[in-house]
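# Results of the structural survey
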Amino acid sequence: MRRHARIAIATVTAALALSSSALGFADGSAVARDQDDEHKCSDYVNIDGFSDSLDGTLFKKRYVGDLSGLAVDSDGSVAALSDRSTLFRLEAKKGTGGKPEAKPIEMNDVVDEKGYPSLDSEALVIDHDGTRVITSEIEPSIRSYDKSGALRGQLPVPDALRVEDPAHPAYRARENRTLEGLTLQPDGKTLIASVEGQLKDDGADADGRPLLRLQTWTRGVGQGVEKFTVAKQYGYPADRDTRYVSEIAAAGDGRLLVLERGHIRNVGNIVRIYLADLSQASEVTGVGKLTGPPTGVKLVKKTLLVDIAKCPDLGATNPQTQPNKLLDNIEGMAVTDHTSDGKLKLLLVSDDNANVKQVTRLYALTATLPDNGS
């Protein structure tokens, strides 16, 4: 996340079938032996590979970096969203000696209603008809665009999620900590956004975990993006040392993958992926001060899938201090495939903030999800 401002959106649908090996982020042997200790990060997640092929590159004289959102398109290409209001289309493949590579093949600017690319774009969803749905953290907003990048419209955003303003007491979001993640459930009926940080007056649960909000929108079958209407809101307990949610992605079974991210000065980044279950959580739209049990509010249940710092570094280097050289400021996450044996293929990307001491890095992971109730 940039210090000046940001927004979020992320996506995946179960119908997208594109494997990590097809994307070129691991050789076949690494994918096949996904229980090999050389690639094991946790009981649930293995790392297949990583790529720095985009780091410090230009495309049509435009800097390829500041990437904060990912989505897989119907043609198998990867859409990568820059928070400088640029949407890249990437071709990913295996390079010489099996080294994974990704290169931009198309670029579109995303603009506001006045035609200015002044958005702080953070997350991306691609709807079933190809519509791009993108969040901006400045207002915040959720806008829709066609494949060429032309603006189509906006979705409604609840007042409580708008940035604090003395003229509008109902606005409660912190500047630069608004809509950071976005995903669409596979049936296309439910859109979910994550608020990066706490709203004004929201508190913590009994364990001291800061409580964030997940906002949903719903629509009827076959309807376009413009038909989404504001729906339920839920309370999510972030870890005390991460404090922020950077991205979310639909797991394909109604649950969510949640990417939590923090930073400790002189130590480095903290990045964890959780599996979140909203099915038993309370609706908290009308709750002005969100706290956890024993107040009667049921929070979203989460299960740790992986702490990226526990992954093997695979020989990665990093110009800044990190607990694991593989780590950087990871902001984007997408599910690229649901395999026949029930695993998920994940693609992550780090936002380098156009800083020479940070890296634009792609990560390919394989995740085995615990059963519901585990």
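Not measured: the values here are computed from a predicted model.

Summarising the model, the protein shows a mean pLDDT of 88, and 87% of its residues fall at 70 or more. Note that residues 1–22 has pLDDT below 50 and, in this model, 128 contacts with residues that lie over four places away or in other chains. Counted against residues more than four places away or in other chains, residues 24–35, with its pLDDT under 50, gives 35 contacts.

A separate point is the pattern of salt bridges. Inspection of every chain in the model, using the stated rule, returns 29 salt bridges. Residue aspartate 202 pairs with arginine 172 through a salt bridge whose shortest N-O separation is 3.1 Å. Here aspartate 202 is found in the loop between β13 (190–195) and β14 (211–218), whereas its partner arginine 172 is found in the loop between β11 (151–155) and β12 (179–184), with 30 residues between them in sequence. Among the residues examined, aspartate 202 registers a relative accessible area of 9% and is labelled buried. Given the relative accessible area of 11%, arginine 172 is considered buried.

On to the sheet that holds strand β16 (residues 245–250). Strands belonging to one sheet form pairs held by backbone hydrogen bonds; the direction of such a pair is parallel or antiparallel. An order of β16-β17-β18-β19 is seen for the four strands of this open sheet, with the pairing classed as antiparallel. Lying at the two open borders of the sheet, with one neighbouring strand each, are β16 and β19 (301–307). Between one strand axis and the next, the sheet turns through 25° on average, direction left out of account.

Further remarks concern the nonpolar core. Judged by nonpolar contacts, the single largest core of 28 residues is most densely connected at Leu257, Ile273, Ile308 and Leu346. Within the residue set of this core, elements represented by two or more residues are β1 (45–51), β17 (256–264), β18 (268–277), β19, β20 (330–338), β21 (343–350) and β22 (362–368). Counting residues in hydrophobic clusters, the runner-up holds 18 residues, among them Val157, Ala173, Leu179 and Ala193.

The buried fraction of β19 amounts to five of the seven residues, a majority that puts the element mostly inside the structure. Alignment of β18 against β19, held across six bridges, turns out to be antiparallel. Its bridge partner lying in β19, isoleucine 273 is registered against valine 306.

Taken as a whole and judged by the stated rule, the model has zero aromatic pairs. Positioned above the aromatic ring of tyrosine 244, the side-chain terminus of arginine 177 is 3.9 Å from the ring centre. The side chain of lysine 302 reaches across the aromatic face of tyrosine 274, ending 4.0 Å from its centre.

This next bit is on the side chain of asparagine 269. Looking at the secondary structure, you find asparagine 269 in strand β18. Exposure remark for asparagine 269: the relative accessible area of 5% places this residue in the buried category. In terms of polar contacts, asparagine 269 uses its side chain to reach the side chain of glutamine 322, at 2.8 Å. Not counting residues up to four positions away in its chain, the partners in contact with asparagine 269 are Gly262, His263, Gln320, Gln322, Pro323, Leu327, Asp328 and Asn329.

How each quantity is defined
The residue numbering used here restarts from 1 in each chain and proceeds along that chain's sequence as written. In keeping with the predicted nature of the model, local features appear solely for residues at pLDDT of at least 70, side-chain atom pairs appear and are counted solely at 80 or more, and the whole-chain, interface and lining totals rest on all residues. Hydrogens and waters are ignored; side-chain quantities use all the structure's heavy atoms. pLDDT runs from 0 to 100 and stands for how confident the predictor is about each residue. Note on contacts: a residue pair qualifies if any of its non-hydrogen atoms lie within 4.5 Å across the two residues. For this analysis, a salt bridge means a side-chain nitrogen from Lys or Arg found within 4 Å of a carboxyl oxygen belonging to Asp or Glu. The helix and strand labels rest on DSSP assignments: H or I over at least four residues marks a helix, E over at least two residues marks a strand, and numbering proceeds from the N terminus. Three labels apply to residues, based on accessible area from a 1.4 Å probe with only protein chains included: buried if under 20% of the type maximum, exposed if over 50%, partly exposed otherwise in between. Any two strands are treated as partners once DSSP identifies two or more bridges connecting them. Fitting a line to C-alpha atoms yields each axis, with helices limited to the stretch in contact; the angle taken between N-to-C directions then spans 0 to 180 degrees. For our purposes a nonpolar core is just a set of buried Ala, Val, Leu, Ile, Met, Phe, Trp, Tyr and Cys residues, chained together by side-chain atoms within 4.5 Å. Only the six-membered ring of Trp is used, alongside the rings of Phe and Tyr, when aromatic pairs are assigned; centres must lie within 6.5 Å, and planes under 30 degrees apart are stacked while those over 60 apart are edge-to-face, with the rest tilted. For a ring to carry a charge above it, either NZ of a lysine or CZ of an arginine must fall within 6 Å of the ring centroid while also lying within 35 degrees of the normal to the ring plane. Side-chain atoms alone can form a polar contact between residues adjacent in sequence; in general such a contact is a pair of N or O atoms within 3.5 Å, and within protein one must be able to donate a hydrogen while the other accepts it.

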